[in-house]
Amino acid sequence: MSANPNIGSHVIEADVVVCGGGVAGTMAAVAAARQGASVVLVERYGFLGGNATAGAVAQFNSWQTGNGRRVVAGLADEVVARLRLYGGARAHESFVMSTGHHMDRVEYAPEVLKLALDDMVAEAGVRPLLHANLLDVECEGRRVVGMRVLTKGGVLRLRAGVLVDASGDMDALKQAGARFLELGDNETLQPATMMFRFGPIDFDRFGALTKAQLAELAARGYAQGQLARAALHSSRDPYSTDGWFNISRLGIDATDPMALGAAEIEGRRQAWKAAWFLTNSVPGCEDGRLRAFATQVGVRETRRVEGDHVLTAEELLKPVQFPDAIAAGAYPIDIHPASGGALHYVPMDADHAYQIPYRSLIPSTLDNALVVGRGISASHEALAAIRVMTISMAVGHAAGIAAAMAARAADAGMGVQVRAVPVPALREALVRGGAVLG
Ligand SMILES: Cc1cc2nc3c(=O)[nH]c(=O)nc-3n(C[C@H](O)[C@H](O)[C@H](O)COP(=O)(O)OP(=O)(O)OC[C@H]3O[C@@H](n4cnc5c(N)ncnc54)[C@H](O)[C@@H]3O)c2cc1C
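Along every chain, residues carry numbers that run from 1 in the direction the sequence is written. Local features in this predicted model are restricted to residues whose pLDDT is 70 or higher, and side-chain atom pairs enter the listing and the counts only when it is 80 or higher, whereas totals over whole chains, interfaces and linings include all residues. Working from all heavy atoms in the structure, the side-chain values ignore hydrogens and water.

## Remarks on the site of the ligand
Phase 1: For this purpose, a residue is taken to be near a molecule or strand whenever a single non-hydrogen atom of the residue falls within 4 Å of it. In the region of the ligand, 32 residues are neighbours, and Glu43, Arg44, Asn51, Asn61 and Arg387 sit closest.
Phase 2: Within 3.5 Å is the distance limit for a polar contact, defined as a pair of N or O atoms, with the added protein rule that one can donate a hydrogen and the other accept it, and that residues adjacent in sequence qualify only through two side-chain atoms. Interatomic distance of 2.6 Å between a side-chain N/O atom of Glu43 and an oxygen atom of the ligand.
Phase 3: Burial of the ligand by the protein chains amounts to 97% of its free accessible area of 1,000 Å².
Phase 4: Of all elements in the fold, only helix H1 (23–34), strand E3 (59–61), strand E7 (133–140) and helix H10 (389–414) reach the threshold of two or more residues within the shell around the ligand.
Phase 5: Secondary structure elements are taken from DSSP: a helix is a run of H or I of four residues or more, a strand is a run of E of two residues or more, and numbering for both begins at the N terminus. No other element matches E3, which puts three residues into the shell around the ligand.
Phase 6: Looking at the shell around the ligand, its residues break down into eleven nonpolar, 15 polar and six charged. The accessible surface values rely on the Shrake-Rupley method and a 1.4 Å probe; as for residues, cover is taken only from the protein chains in view. Under the grouping applied here, Gly and all other residues not named as nonpolar or charged are polar, the nonpolar ones being Ala, Val, Leu, Ile, Met, Phe, Trp, Tyr, Cys and Pro and the charged ones Asp, Glu, Lys and Arg.

## Here's the deal with the packing of H1 against helix H2 (residues 75–85)
Angle between the axes and distance between the axes: these two values describe a pair of packed helices.
Phase 1: Helix axes are fitted to C-alpha atoms over the stretch in contact, other axes to C-alpha atoms as well, and angles between N-to-C directions run from 0 to 180 degrees. One can describe the packing of H1 onto H2 by two numbers: an axis separation of 11 Å at closest approach and a directional angle of 105°. Our classification of the angle between H1 and H2 gives roughly perpendicular. For the pair H1 and H2, contact is made by Met27, Val30, Ala31 and Arg34 and by Leu75, Glu78, Val79 and Arg82, respectively.
Phase 2: Its residues placed into classes, the contact of H1 with H2 shows five nonpolar, no polar and three charged. The scheme is simple: roughly parallel for angles under 35 degrees, roughly antiparallel for over 145, roughly perpendicular for 65 to 115, oblique for anything else. The contact criterion used is simple: two residues touch if any of their non-hydrogen atoms lie within 4.5 Å.

## Notes on the domain arrangement of the chain
Phase 1: A domain assignment, automatic or from a database, supplies the domain bounds used here. Domain assignment breaks the chain into domain 1 (11–184 + 301–432) and domain 2 (196–293).
Phase 2: For domain 1 versus domain 2, the distance between C-alpha centres works out to 28 Å.
Phase 3: Between domain 1 and domain 2 the total buried area reaches about 1,700 Å² when both faces are included, carbon and sulfur atoms providing 55% of it.
Phase 4: Here domain 1 is connected to domain 2 by four residue pairs in polar contact (both at pLDDT 80 or more).
Phase 5: Broken down by secondary-structure element, the contributors of at least two residues to the side of domain 1 that touches domain 2 are strand E5 (102–107) and helix H3 (110–124).
Phase 6: Grouping the amino acids of the side of domain 1 that touches domain 2 by side-chain chemistry returns 16 nonpolar, nine polar and five charged. The quantity reported as buried area is the accessible area (1.4 Å probe) lost by two parts once they are put together, taken as the sum for both.

## A look at the pairing of strand E1 (residues 11–19)
Phase 1: For two strands to be treated as a pair, DSSP must find at least two bridges joining them. Here eight bridges tie E1 to strand E9 (residues 154–165), and the two strands are oriented parallel to one another. Bridged to Ile12 within E9 is Leu158.
Phase 2: Taken together, the four bridges between E1 and strand E2 (residues 39–42) define a ladder with parallel strand orientation. Paired with Val16 across the strands is Val39, a residue of E2.
Phase 3: The path from the first strand over the helix to the second decides the hand: if it runs clockwise while the strands point away from the viewer, the crossover is right-handed. Chirality of the crossover, the property in question, places the unit of E1, H1 and E2 among those that are right-handed.

## Overview of the environment of Asp118
Phase 1: Secondary-structure assignment places Asp118 in helix H3.
Phase 2: To sort residues, take the accessible area from a 1.4 Å probe on protein chains only and compare it with the maximum for the residue type: under 20% means buried, over 50% means exposed, and anything in between is partly exposed. Of the residues examined, Asp118 reaches a relative accessible area of 36% and is grouped as partly exposed.
Phase 3: Once the C-alpha coordinates of Asp118 and Ala330 are considered, the two residues, 212 residues apart in sequence, prove to be 28 Å apart.

## Quick look at the sheet that holds strand E13 (residues 289–293)
Phase 1: One open sheet holds the four strands; their spatial order is E11-E12-E10-E13, and the pairing between them is antiparallel. Single-partner strands in this sheet number two, and they are strand E11 (234–236) and E13. The average angle at which neighbouring strand axes cross in this sheet is 30°, direction not considered.
Phase 2: Inspection of the sheet shows strand E10 (residues 196–199) paired to E13 by four bridges, in the antiparallel sense. Bridging across to E13, Phe196 finds its partner in Phe293.

Okay, structure coming up:
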């Protein structure tokens with residue numbers, strides 16, 4: 001038997017176990033711990049953030065409607081405030097896209113986000129279990145009882161009152177035998193992207209390019225086979241004259257292990273070619289070189305769980321007012337096709353915002369599990385809007401409070417039941433925490 005009490009027959013118990021430390025999972029863990037729950041946050045890397053750090057996405061999009069009405073705040077605001085303490089986030093900015101529609105964002109330094117998330121987790125009393133890969137999940141009927149994770153020390157067992165699956169790919173719920181919505185294939189799933197860091201950039205000149213000039217350059221790079229996507233999207237690093245570029249395109253099912261590995265390799269090739277195109281063809285980028293690849297290819301879409309409610313694009317566009325709304329958003333439906341240079345983009349009117357119901361966080365086949373982030377119960381088109389990190393953080397915030405409430409009710413002898421969470425009390429707690437619900 002291992003000398004380490006955490007390994008072998010020893011079991012780590014927690015009111016709430018969050019599987020996956022992306023922005024959604026980290027917010028869920030922090031929110032649950034602040035409600036007094038004991039929380040373990042399982043993450044396969046040695047740092048938190050997921051796509052936001054490992055994927056180097058580098059900008060939080062869509063905090064407000066086109067006319068400036070805030071739709072995301074709460075814990076997500078705190079993340080930005082903490083980034084700013086380290087000088088790791090630029091000012092919030094609004095601008096008009098090449099489609100003529102509004103967008104807003106906060107650009108940040110992915111490396112600094114790791115520190116900000118560490119601080120939030122430590123202060124809230126969350127127990128982070130880093131370098132831990134989910135192995136399997138044990139269920140009894142409709143209840144998750146526990147899970148095993150693979151660590152450097154061997155296999156570790158965890159017992160959870162509530163499981164929050166924040167793994168993006170819904171690995172935990174897959175192991176728990178949950179039902180999923182149709183996954184799609186390489187052509188219909190949103191593609192993955194290998195982000196890359198490039199610099200130095202003369203932003204006075206690069207930033208002065210008009211939308212028409214950028215579009216012409218991007219079209220030329222795509223026609224020449226230098227760019228996999230006819231776009232020159234980038235975020236500026238707050239610390240330097242470097243940018244993070246989002247211009248590769250990899251049509252894969254990222255739950256297919258061989259395809260995922262191949263996409264990492266192809267993503268680096270695409271990024272390398274794109275960097276040379278920048279150096280050779282784009283004003284302001286002549287002195288720049290590729291400085292870094294993201295730690296991993298960024299994954300936009302894989303499994304989406306079947307929940308008590310499946311959120312649809314029609315509901316977002318109407319927008320439907322849900323009595324159990326726990327988060328809001330204004331990001332448009334933004335579908336990157338797996339191949340070709342185009343985007344499928346359904347913009348929102350200037351004051352348009354939509355809501356996300358609590359029922360979309362509840363896997364239909366389980367009683368003590370919740371889902372956050374890009375795997376929540378939504379159609380492919382609806383996910384194309386609600387997948388952004390601002391909304392992922394808002395949903396994580398809500399799930400964390402709900403998980404803690406469910407665990408607390410169980411302490412009182414009722415058994416953990418996420419469907420029994422009193423939604424008005426959940427909504428009140430969110431509003432007290434600064435969240436916007438619609
Ligand atoms: C290329 C790209 C560009 C994007 N651009 C933007 C943008 O400009 N603005 C914006 O706001 N959003 C953007 N998005 C969307 C956004 O980044 C994601 O939808 C969001 O980060 C999802 O967060 P998440 O926490 O649900 O999942 P993820 O970030 O995928 O986090 C999942 C976490 O779980 C961990 N994990 C996974 N499996 C396991 C396992 N088996 N065991 C243990 N841990 C595990 C992962 O390591 C990771 O930390 C973009 C996404 C991509 C891919």
